[in-house]
Amino acid sequence: MTIDVRPASVFEDVRAVLGPKSPQANVCWCLSYRVPSKVNNELRGPARSAYVAELCRKGPPPGVLAHDGDEPVGWAAVAPRADTSFARNRKIPHVDDLPVWSLWCVRVRPGHRKQGISHALIAGAVDFARSRGAPAVEAYPLDNGDARVDLTMAYAGLRKNFERAGFVHAADTTSVLAGHPRVLMRLDLR
């Protein structure tokens, strides 16, 4: 298996990884941190997929996708922090005024897990941000130690995976997800 990570500019590929079985479903589509809470709550069913399709069309792409050949097998959301709710989040601090990018979601499709795809996605998201001038990338993963994490809530990533990618602990947060504290990890690209 050869994993290729590319910008998420093809909506059909994004849909394959993030889309629900039912077009009427109100699943995340990785919009929870990308758009203001009010907009997120107003986007229902097909309007959510239409919003993501527009993000893919107008660019910059809303993240990166991992492909195994032509098959999309994973997703990572990455964007300038200023364009996300992390710019205003009271539970996740800003360590400085650097215009960092946020990497907040890593998702691998069932049937493709435990093959290193999340590591490729983290590296690909960093490369994507670097190519667009990001001075640093931040992530807000779970600090779960060796405890198991429910796969639904593991989207934020795990601290050890970001450490393996060269990120360092930059700050504690008051955010908790699935019973685990989240930490602010940062990779300086300067």
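Bear in mind the structure is a predicted one, so any value in this text is a computation, not a measurement. (Residues numbered from 1 in each chain as written. Predicted model: local features only at pLDDT ≥ 70, side-chain atom pairs only at ≥ 80, totals over all residues. Heavy atoms only, no water.)

> Explain the sheet that holds strand 5 (residues 136-139) here, please?
Where strands meet in a sheet, backbone hydrogen bonds hold them as pairs that are either parallel or antiparallel. Ordered by their spatial adjacency, seven strands build an open sheet running 1-2-3-4-5-7-6, and the pairing between neighbours is mixed. Only two strands of the sheet have a single partner each, and these edge strands are strand 1 (3-7) and strand 6 (168-177). In this sheet, neighbouring strand axes are inclined to one another by 25 degrees on average, regardless of whether the strands run parallel or antiparallel. Helix-sheet contacts for helix 1 (residues 11-18) involve strand 2 (63-68), strand 3 (71-80) and strand 4 (101-108), and the interaxial angle to strand 3 is about 100 degrees. Across the sheet, helix 4 (residues 117-131) is in contact with strand 1, strand 2, strand 3, strand 4, strand 5 and strand 7 (180-188); its angle to strand 4 comes to roughly 150 degrees. (Pairing = 2+ DSSP bridges. Helix = DSSP H or I, 4+ residues; strand = E, 2+ residues; numbered from the N terminus. Axes fitted to C-alpha atoms, helices over the stretch in contact; angles between N-to-C directions. Contact = heavy atoms within 4.5 Å.)

> In this structure, what is going on with the environment of Leu 184? I would like to understand it.
Position of Leu 184 relative to the elements: it lies in strand 7. Dropping the residues within four chain positions of it, Leu 184 is found in contact with Ile 92, Pro 93, Val 95, Glu 138, Ala 139, Tyr 140, Val 168, His 169, Ala 170, Ala 171 and Thr 173.

> Any chance you could explain the nonpolar core here in plain terms?
Taken as a class, soluble globular proteins show a tendency for nonpolar side chains to be buried jointly. Ranked by size, the top nonpolar core spans 33 residues in total, and within it Val 14, Trp 75 and Trp 104 carry the most contacts. Mapped onto this core, the elements with two or more residues apiece are helix 1, helix 3 (46-58), strand 3, strand 4 and strand 6. Counting residues in hydrophobic clusters, the runner-up holds 25 residues, among them Ala 66, Leu 121, Ala 134 and Met 185. (Core = buried A, V, L, I, M, F, W, Y, C linked by side-chain atoms within 4.5 Å. Buried < 20%, exposed > 50% of the residue type's maximum accessible area, 1.4 Å probe, protein only.)

> Explain the pattern of salt bridges here, please?
Opposite charge on two side chains lets them pair, provided their charged atoms get close. Taken as a whole and judged by the stated rule, the model has eleven salt bridges. Measuring nitrogen to oxygen at the nearest pair gives 2.7 Å for the salt bridge that ties Asp 4 to Arg 6. Arg 6 sits in the partly exposed class, given a relative accessible area of 29%. Two residues, Asp 127 and Arg 130, come together in a salt bridge whose shortest N-O distance is 3.0 Å. Here Arg 130 and Asp 127 lie together in helix 4, a separation of three residues that amounts to about one turn. For Asp 127, a relative accessible area of 44% translates into the label partly exposed. Here the salt bridges do not stand alone but share partners, grouping Arg 81, Asp 96, Glu 138 and Arg 186 into one network. (Salt bridge = Lys/Arg side-chain N within 4 Å of Asp/Glu carboxyl O.)

> What's the story with the environment of Arg 130 in this structure? I'm lost.
With relative accessibility at 42%, the residue Arg 130 sits in the partly exposed group. Through-space distance from the C-alpha of Arg 130 to that of Trp 101 is 9.3 Å; in sequence the pair is 29 residues apart.

> I would appreciate a short explanation of the side chain of His 180 in the present structure.
Examined against the element boundaries, His 180 turns out to sit in strand 7. Excluding anything up to four places from it in sequence, His 180 contacts Leu 142, Asp 143, Asn 144, Ala 147, Arg 148, Val 149 and Ser 175.

> Teacher, can you tell me more about helix 3 here?
One turn of the α-helix equals 3.6 residues, which is why residues spaced by three or four share an orientation. Between its terminal C-alpha atoms helix 3 stretches 18 Å, which fits the 18 Å expected from 13 residues at 1.5 Å a residue. Restricting attention to buried positions, one finds in helix 3 the residues Arg 48, Ser 49, Val 52, Ala 53, Leu 55 and Cys 56. Angular distribution of buried residues about the axis of helix 3 spans 155 degrees; they occupy a single face of the element. Summarising the geometry of helix 3, the exposed residues directed more than 90 degrees from the buried face are Arg 57 and Lys 58. (Expected span 1.5 Å × (residues − 1). Arc of directions from axis to C-beta.)

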